[in-house]
Amino acid sequence: MPVGPFGIDPLIWAPLRLIIAVGLALFLVLNGALLQIYLERKIQAIIQDRLGPYHVGPFGLLQTFADALKLISKEDVRAAATDGWFFVAAPALVFCPMLASWVVLPFAQDIVGTNLNIGLLYLTTLGSMTVLGIVIAGWASNNKYALMGGLRSAGQLISYEIPQILALVSVVLVVGSLSMIDITRSQAGPLVNVLILPFPFLIYFIAALAETNRTPFDLPEAESELVAGWLTEYSGMRWGTMLALSEYGNVTVVCAIVTTLWFGGWQGPGVDAIPLLGVLWFTLKVYAFILIMMWIRATLPRLRIDQLMSFCWKGLIPAALVNILVVATLALAFPTTKIPIAIASWVLVVLFVAGIPFVQRRRLRVLRARARASAAPAVRAVS
Amino acid sequence: MGDSDATPAQAKKLNRLNTMAIDEKPRARPIDFEEDVIQRRPVTTQAGMGTADVTAPTPGVLANDDNIVFTTVNNLVNWARSRSPWPLGYGLACCAIEMMAASMSHHDTARFGMEVFRSSPRQADVMIVAGTVTHKMAPRLRRLYEQMPEPKWVIAMGNCASSGGEFWDSYSTLQGVDTIVPVDVYVPGCPPRPEALIEGLLRLREKIMKGG
């Protein structure tokens, strides 16, 4: 009798694995949204020297449950002039690609929906499908602010997709596989990919912030410009599904990709003895990145739309192209060792981070000159 | 409660400030809110306040006490609604500054889960009308109210929104926002302090809890 993982018959293990993987995905996404909203509010409160929710339940832990229950019991408004079918379908179109992404994300050794050999391609394809639902939501709402928000989102997501995928490709070049399982397996031990490829990690993380509409790139929902962006016409649980479940689910997916590609996925102390410990390591790593995203959100102000686009097209995409050129050349030149790639990548990180102040200083000089030129002559004389 | 009803001991307590010698120090003890803040008010205004309203809330059809099936869910939903009333950011005048201050670090309405100011009426529960409503703004206010999904509540914040206030009998100002939308809670003041707004929000929470 053949013995599968954990000493279980493969015939029993196959459906069992699927049930565990689906259960974990649903648990991480649905409960994760509740937990993440609570964390978001609490962490922002702490950073802003406030207390945050604490009256509802112990430490305010029941706050998001109350919010969810309220959203479910809220009236579902659909204006007469909306495009009926699309308006109803848009939340599902935003939600489904996010949920489908979990098929290939490995929680632990052998606990994965399916070991797709084009896993990373599948993930990037689903990641770009979200924009479809957002544009449909903006169009079907028949509201100018919703449409503007949807189109902005389309522009932003399509632009930031390019550096994101270019960063992923350099990992694939080094590892030599698109399968998420193989990528995780290649990082056994302390030598995780982030030590070899820190530069693509930096590019991916910045692009992922824009991809998930997080601050400082939350232009599609900019309150001060577009009422609530593409979500303007949605109320009740439809809004809750779109914003809470999909946005936070997307954040979780992106953090899971970062964890798998650069930080060794389920790998951690003790996983060889107890394989299920991998779920814990994976979740902890994912939540570490979610907390970093929340920290960024509480720290940085929102960009302008032209700054957003110029940062992507003039900053990130050239950087990603340089990165892929360097990684591909060194991978061809030194097929046996990864050390040259690591050195080159760290040098690129230092150049990128150190170059930002120079660019910023030049920008400020231009802005000051422009302000002086437009000032009144008397002001110009003293400035 | 009038002066004649108070016993001598109570009257002495009420007028403790008047009977104290000018160099006498009050006894060192922790501040008691009831005695030190409420009872130290002048007796005349105390008498004018009247007694607390002890009328029990009238149970609705679904909030029936002997109705086992609906009562629990109703209570749960009311609890959820009362614990997350998201306000519509609707600042019209100086009251808006106090409304902002109520959600900032000092007063922090986030403690009650009320800091989520929604800019779209579709996602809001409570409309805090913070400021003077002109006749030009009135139709917009009514439209925004109608765009909010049920259940929805209105807080009239400040004297202007409650009754016209400073702009009483003005040719361009609405004499109280309750002339165009149903108001649940009035918060008086010009402008009311953030504490007053929080008190109003908590009163609204009680009202929602009772099925309002």
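Here's the deal with the environment of A:Trp102
Residues and elements named next belong to chain A.
Next up, step 1: Of note, Trp 102 is situated in the loop between α3 (84–100) and α4 (119–140).
Next up, step 2: For the pair formed by Trp 102 and Ala 25, sequence separation is 77 residues and the distance between their alpha carbons is 6.1 Å.
Next up, step 3: In contact with Trp 102, not counting residues within four places along its chain, are Ala 25, Leu 28, Val 29, Phe 107, Thr 252, Val 253, Ala 256 and Phe 282.

Brief notes about the sheet that holds strand β3 (residues 153–157) of chain B
Residues and elements named next belong to chain B.
Next up, step 1: One open sheet accounts for four strands, arranged β1-β2-β3-β4; its pairing is parallel. Whereas interior strands pair on both sides, the edge strands pair on one side only; in this sheet they are β1 (87–88) and β4 (185–187).
Next up, step 2: Bridge analysis of β3 against β4 gives three bridges, and the strand direction is parallel. If you follow Met 157 over to β4, its bridge partner there is Val 187.
Next up, step 3: Strands β2 (126–130) and β3 of the sheet are contacted by helix α6 (residues 95–103), whose axis makes an angle of about 130° with β2.

A short note on the nonpolar core
Next up, step 1: Counting residues in each nonpolar core, the largest one holds 85 residues, and the members touching the most others are A:Trp102, A:Phe107, A:Tyr204, A:Leu261 and A:Trp262.
Next up, step 2: Here this core takes 12 residues from helix α9 (residues 236–262) of chain A, the largest share from any one element.
Next up, step 3: Per-domain counts for this core show at least three residues from each of domain 1 (1–73) and domain 2 (79–369) of chain A.
Next up, step 4: Once residues within four sequence positions are removed from consideration, A:Trp262 is found in contact with A:Ala167, A:Leu168, A:Val171, A:Gln187, A:Val192, A:Asn193, A:Val194, A:Leu197, A:Pro200, A:Phe201 and A:Tyr204.
Next up, step 5: Grouped together as the second largest cluster of nonpolar side chains are 18 residues, B:Met99, B:Phe112, B:Val126 and B:Leu197 included.

What about the interface of chain A and chain B?
Next up, step 1: In this assembly, 32 residues from chain A lie in contact with 29 residues from chain B.
Next up, step 2: When the area that chain A buries against chain B is broken down by residue, the three leading residues are A:Arg50, A:Lys70 and A:Lys74, summing to 22%.
Next up, step 3: A:Glu233 is paired through a salt bridge with B:Arg122; the nearest N and O atoms lie 3.0 Å apart.
Next up, step 4: Scanning the region where chain A abuts chain B turns up 22 residue pairs in polar contact (both at pLDDT 80 or more).

Section: the packing of helix α8 (residues 198–211) of chain A against helix α10 (residues 277–299) of chain A
Residues and elements named next belong to chain A.
Next up, step 1: Close contact between α8 and α10 brings their axes to 12 Å; oriented N to C, the two are set at 65°. In this structure, α8 crosses over α10, and the sense of that crossing is right-handed. The residues of α10 that touch α8, namely those facing Phe 201, Phe 205 and Leu 209, are Phe 289, Ile 292, Met 293 and Ile 296.
Next up, step 2: Taken together, the residues of the contact of α8 with α10 break down into seven nonpolar, no polar and no charged.

A word on unusual backbone geometry
Next up, step 1: Here the bond from B:Glu150 into B:Pro151 is cis, since omega is -10°, no more than 30 degrees from zero.
Next up, step 2: Secondary-structure assignment places B:Pro151 in the loop between α7 (138–147) and β3.
Next up, step 3: Phi at A:Asp49 takes a positive value of approximately 60°, unusual for a residue other than glycine.
Next up, step 4: Mapped onto the elements of the fold, A:Asp49 is located in the loop between α1 (10–47) and α2 (63–72).

A look at the packing of aromatic side chains
Next up, step 1: Counted under the stated rule, the structure contains 14 aromatic pairs over all chains.
Next up, step 2: Ring centres of A:Phe205 and A:Phe289 lie 6.0 Å apart, and the angle between their planes is 55°; on these two criteria the pair is classed as tilted. Pair noted here: A:Phe205 is in helix α8 and A:Phe289 is in helix α10, with a separation of 84 residues, a long-range link.
Next up, step 3: By relative accessible area, A:Phe205 is classed as buried at 10%.
Next up, step 4: In this structure A:Phe289 comes out as buried when scored by relative accessible area, which is 7%.
Next up, step 5: Feature note: the residues A:Phe201, A:Tyr204, A:Phe205, A:Trp262, A:Phe263 and A:Phe289 constitute an aromatic cluster, connected by ring pairs.
Next up, step 6: For the cation-ring pair, B:Lys152 lies above B:Tyr145, with the distance from its terminal atom to the ring centre recorded as 4.4 Å.

Concerning the environment of A:Arg297
Residues and elements named next belong to chain A.
Next up, step 1: Considering the arrangement of structural elements, one finds Arg 297 in helix α10.
Next up, step 2: For Arg 297 and Ala 222, which are 75 residues apart along the polypeptide, the C-alpha to C-alpha distance reads 13 Å.
Next up, step 3: Residues within four places of Arg 297 in sequence aside, it is in contact with Glu 40, Gln 44, Arg 214, Thr 215 and Tyr 248.

Procedures and definitions
Residues numbered from 1 in each chain as written. Chains lettered and ligands numbered in written order. Predicted model: local features only at pLDDT ≥ 70, side-chain atom pairs only at ≥ 80, totals over all residues. Heavy atoms only, no water. Helix = DSSP H or I, 4+ residues; strand = E, 2+ residues; numbered from the N terminus. Contact = heavy atoms within 4.5 Å. Pairing = 2+ DSSP bridges. Axes fitted to C-alpha atoms, helices over the stretch in contact; angles between N-to-C directions. Core = buried A, V, L, I, M, F, W, Y, C linked by side-chain atoms within 4.5 Å. Buried < 20%, exposed > 50% of the residue type's maximum accessible area, 1.4 Å probe, protein only. Domains from an automatic or database assignment. Buried area = accessible area lost by both parts, 1.4 Å probe. Salt bridge = Lys/Arg side-chain N within 4 Å of Asp/Glu carboxyl O. Polar contact = N/O pair within 3.5 Å; in protein donor to acceptor, adjacent residues only side chain to side chain. Left-handed = near helix turned anticlockwise from the far one by under 90°. Nonpolar A, V, L, I, M, F, W, Y, C, P; charged D, E, K, R; others polar. Phe/Tyr/Trp six-rings, centres within 6.5 Å; stacked < 30°, edge-to-face > 60°. Lys NZ or Arg CZ within 6 Å of the ring centre and 35° of its normal.

Note that every value here comes from positions in space, so none of it alone points to a role or purpose.
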